[in-house]
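# Per-entry structural report
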Amino acid sequence: MTNQFGKVNQLAAADSSSEDEHWMQRALARAKQAGQQGEVPVGAIVVMDGQCVAEAFNQPIATCDATAHAEMIALRTACSVVANYRLTGATLYVTIEPCTMCFGAMLHARIKRLVYGAAEPRAGVVSSQLQLAGRDFYNHKIDVSSGVLANECGQLMADFFKQRR
């Protein structure tokens, strides 16, 4: 796993890999649900104090809402559950590297840690394109771990788009 600067964080990887895989499996289940409904298969889970407080999948087509990405829905739900717009201490698990909108929402929600599966080379802004997690102009930093179940997450996307073409 890598941190927001692309460096391997071996201690964090050893401590959290099993837990990270558990939650990523749950995010993958939500992503599969999205794919079954014709949505791009992305799933997200918000975890606080070892408990899932929200889970979601992409729904922009079904809801006619361009902001209905898995991460956005999970963040909105989690904020409602904890009755606070700040999710201090929370970890967001998402199957694919987030876009600009979703990363911005994570910053505003004060997500402590982001764990994502596969990179998104075209629109991912954490490591693939803009490297936003490593920028020093934000007043909040998000710890990032990437590559958790990356093969499974990436394959789900590849299979979905292969079927559509």
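For the structure itself, look to the data block above.
Quick look at the structure, then. (Residues numbered from 1 in each chain as written. Predicted model: local features only at pLDDT ≥ 70, side-chain atom pairs only at ≥ 80, totals over all residues. Heavy atoms only, no water.)

### Describing helix H5 (residues 150-164)
Stated precisely, the cut-off is as follows: Strands here mean DSSP runs of E at least two residues long; helices mean DSSP runs of H or I at least four residues long; both are numbered from the N terminus. Helix span, expected: 1.5 Å multiplied by one less than the number of residues in the helix. Only protein chains enter the accessibility calculation, which uses a 1.4 Å probe; a residue is then buried when its area is under 20% of its type maximum, exposed when over 50%, and partly exposed in between. By arc we mean the arc of the directions from the helix axis to the C-beta atoms, nothing more.
Look at H5: 21 Å from first C-alpha to last across 15 residues, which is about the 21 Å you get at 1.5 Å a residue. Where H5 is concerned, the buried positions are Cys-153, Leu-156, Met-157 and Phe-160. The arc that holds every buried residue of H5, seen down its axis, measures 90 degrees, which confines them to one face. Pointing more than 90 degrees away from the buried face of H5 are the exposed residues Asn-151 and Lys-162.

### Things to note about the nonpolar core
Definition in use: As used here, the term nonpolar core means buried Ala, Val, Leu, Ile, Met, Phe, Trp, Tyr and Cys residues forming a set that is joined through side-chain atoms within 4.5 Å. We call two residues in contact when some of their heavy atoms are within 4.5 Å.
Core analysis: the largest hydrophobic core is formed by 51 residues, its most contacted members being Val-46, Leu-87, Phe-103, Met-106, Ile-111 and Leu-114. The greatest single-element share of this core, amounting to seven residues, is contributed by helix H3 (residues 70-82). Dropping the residues within four chain positions of it, Leu-87 is found in contact with Met-48, Leu-75, Ala-78, Cys-79, Val-82, Ala-109, Arg-110 and Ile-111.

### Description of the state of the cysteines
Heads up, the condition is: Sulfur atoms of two cysteines make up a disulfide when they are within 2.5 Å.
A full pass over the atoms with the stated rule returns zero disulfides. Summary of cysteine pairing: Cys-64 is not part of a disulfide, and the nearest cysteine sulfur, belonging to Cys-102, is at 18 Å. The exposure class of Cys-64 is exposed, given its relative accessible area of 74%. Looking at the unpaired Cys-79, the closest cysteine sulfur is the one in Cys-102, lying at 13 Å.

### Brief notes about unusual backbone geometry
Negative phi characterises most residues that are not glycine, and trans characterises most peptide bonds. The backbone of Asp-49 sits at a positive phi, close to 50 degrees, despite the residue not being glycine. On the basis of relative accessibility, which here comes to 77%, the residue Asp-49 falls in the exposed class. The backbone of Cys-64 shows a phi angle near 55 degrees, a positive value even though the residue is not glycine. Along the chain, Cys-64 falls in the loop between helix H2 (60-63) and H3.

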